[in-house]
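The lines below spell out each chain.
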Amino acid sequence: MALKLYGAAMSPCTSRVMTCLHEKEADFELIPIDLFAGEHKQLPFLAKNPFGQIPALEDGDLSLFESRAISAYVAEKYKEAGHDLIRCQSLKEAAEVKVWMEVESQQYHPAISPIIFQFFAAPLQGKVPDQAIIDENLEKLGKVLDVYEEKLSRTKYLAGDFYSLADLFHLSFTYYFMKTPCANLINERPHVKAWWEDISSRPAFQKVASAMTFGEKGN
Ligand SMILES: N[C@@H](CCC(=O)N[C@@H](CSO)C(=O)NCC(=O)O)C(=O)O
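Residues numbered from 1 in each chain as written. Predicted model: local features only at pLDDT ≥ 70, side-chain atom pairs only at ≥ 80, totals over all residues. Heavy atoms only, no water.

Going by an unreviewed UniProt entry, the chain carries the name glutathione transferase and comes from Gossypium raimondii. Within the UniProt record for the chain, the comment given under Catalytic activity (unreviewed entry) is "RX + glutathione = an S-substituted glutathione + a halide anion + H(+)". (UniProt positions renumbered as here; feature names shortened; annotations may be inferred.)

Structure representation (structure tokens):
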């Protein structure tokens, strides 16, 4: 039975889950939730995520929210299909994947998401991007990327010489980041730039990126 993913194709958190579903060749249906109409802040959606944020996933009687947890569930459920994202054959490799999934959530995301908000969400609320917030978070993100540059000079991907869920977690917010005037923060770091070009060219993400139209005409 097809999984039901409630969200919006342009939303980076929904795109994170869709990328994982495509890597696992899982059958799913995207059920649009209209953020602009505030559908995510009302029932029935609130019964799927009490925090009123997309995405949420339903798999039979199982209902999940939090894009990273949903992605980890999908990667585990479909571990025999598509690309191995969690390295469950190797305790050590799986542990490295867990480290870098946390690094994305605890170090990378808190620095990059305010920048994405300023460039893509604030204008939708009639505000101009706040340069002080952008600059403060660019400095934080630069420090995180310095760590990535060193690690990626030793391994092709973050957890090792294999693409994993840890790399995948970075795709959707970084995709929008590369559309801002700050893209040089990635491009001026050669190993990070090569990593980004490699992971963002994967077919599973290319399928998702074509619908990630935040900030384009009419959105
Ligand atoms: N930690 C959660 C964050 C979800 C989120 O911010 N969702 C956004 C859209 S994706 O950028 C959202 O629902 N924004 C509307 C709102 O917060 O009201 C996750 O990873 O699923």
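Novice: Residue-level account of the layout of surface pockets, with values.
Specialist: Reported here for the largest pocket is a volume of approximately 950 Å³. Lining the largest pocket are 36 residues; nearest its centre among them are Ser11, Pro12, Leu35, Ile54 and Phe214. Elements supplying a minimum of two residues to the lining of the largest pocket: α1 (12-23), β2 (28-32), α3 (67-77), α4 (91-121) and α7 (171-177). Among the elements that make up the lining of the largest pocket, the one with the highest residue count is α4 (6 residues). A domain-level breakdown of the lining of the largest pocket finds at least three residues from each of domain 1 (3-82) and domain 2 (91-206). (1 Å grid on protein atoms, 1.4 Å probe; cavity = no way out; pocket = protein on both sides within 12 Å on 5 of 7 lines; lining within 4 Å. Points joined across faces, edges and corners; volume = space filled by probe spheres on them. Helix = DSSP H or I, 4+ residues; strand = E, 2+ residues; numbered from the N terminus. Domains from an automatic or database assignment.)

Novice: Please give an account of the environment of alanine 75 that cites residues and values.
Specialist: Relative to the elements of secondary structure, alanine 75 occurs in helix α3. Taking relative accessible area as the criterion, alanine 75 reaches 1% and is therefore assigned buried. Counting along the chain gives 11 residues from alanine 75 to leucine 64, while the straight-line C-alpha distance between them is 14 Å. (Buried < 20%, exposed > 50% of the residue type's maximum accessible area, 1.4 Å probe, protein only.)

Novice: So, the UniProt feature "domain: Glutathione S-transferase C-terminal" (unreviewed entry) in the chain: which residues are in play, and what are the values?
Specialist: Mapped onto the present numbering, the UniProt feature "domain: Glutathione S-transferase C-terminal" (unreviewed entry) falls at residues 112-203. For residues 112-203, the end-to-end C-alpha separation is 24 Å, with 64% helix and 0% strand making up the annotated structure.

Novice: Let's hear about the site of the ligand: which residues, and what values?
Specialist: Near the ligand the following residues occur: Ser11, Pro12, Cys13, Arg16, His40, Lys41, Gln53, Ile54, Pro55, Glu66, Ser67 and Arg68. Contacts to the ligand include glutamate 66, whose side-chain N or O atom sits 2.7 Å from a nitrogen atom. Separating an oxygen atom of the ligand from a side-chain N or O atom of serine 67 is a distance of 2.7 Å. Relative to its unbound accessible surface of 520 Å², the ligand loses 74% to contact with the protein. Judged by the proximity of its atoms to the pocket grid, the ligand belongs to the largest pocket. Those elements that provide at least two residues to the shell around the ligand are α1 and α3. For the shell around the ligand, the residue count by class is 4 nonpolar, 4 polar and 4 charged. (Near = heavy atom within 4 Å. Polar contact = N/O pair within 3.5 Å; in protein donor to acceptor, adjacent residues only side chain to side chain. Areas by Shrake-Rupley, 256 points an atom, 1.4 Å probe, with all protein chains shown as cover. Sits in = over half its atoms within 2 Å of the grid points. Nonpolar A, V, L, I, M, F, W, Y, C, P; charged D, E, K, R; others polar.)

Novice: Break down the sheet that holds strand β1 (residues 3-7) for me, citing the residues and quoting the values.
Specialist: A sheet is described by the order of its strands in space; here 4 strands give the open sequence β2-β1-β3-β4, paired in mixed fashion. Every other strand in the sheet has two partners, leaving β2 and β4 (62-65) as the edge strands with one partner each. Averaged over all adjacent pairs, the angle separating strand axes in this sheet is 20 degrees, with direction ignored. The sheet strands contacting α1 are β1 and β2, and the helix crosses β1 at an angle near 155 degrees. Taken strand by strand, α3 contacts β1, β3 (56-59) and β4, and its axis lies near 130 degrees from that of β4. (Pairing = 2+ DSSP bridges. Axes fitted to C-alpha atoms, helices over the stretch in contact; angles between N-to-C directions. Contact = heavy atoms within 4.5 Å.)

Novice: Describe the side chain of threonine 155, and please don't skip the residues or the numbers.
Specialist: Inspection of the secondary structure puts threonine 155 in the loop between α5 (131-152) and α6 (165-168). Here the side chain of threonine 155 touches lysine 151 through a polar contact of 2.8 Å, side chain to side chain. Looking at threonine 155, its side chain comes within polar contact range of the main-chain oxygen of tyrosine 157, at 2.7 Å. Leave out the neighbours within four places in its chain, and threonine 155 touches Gly160 and Asp161.

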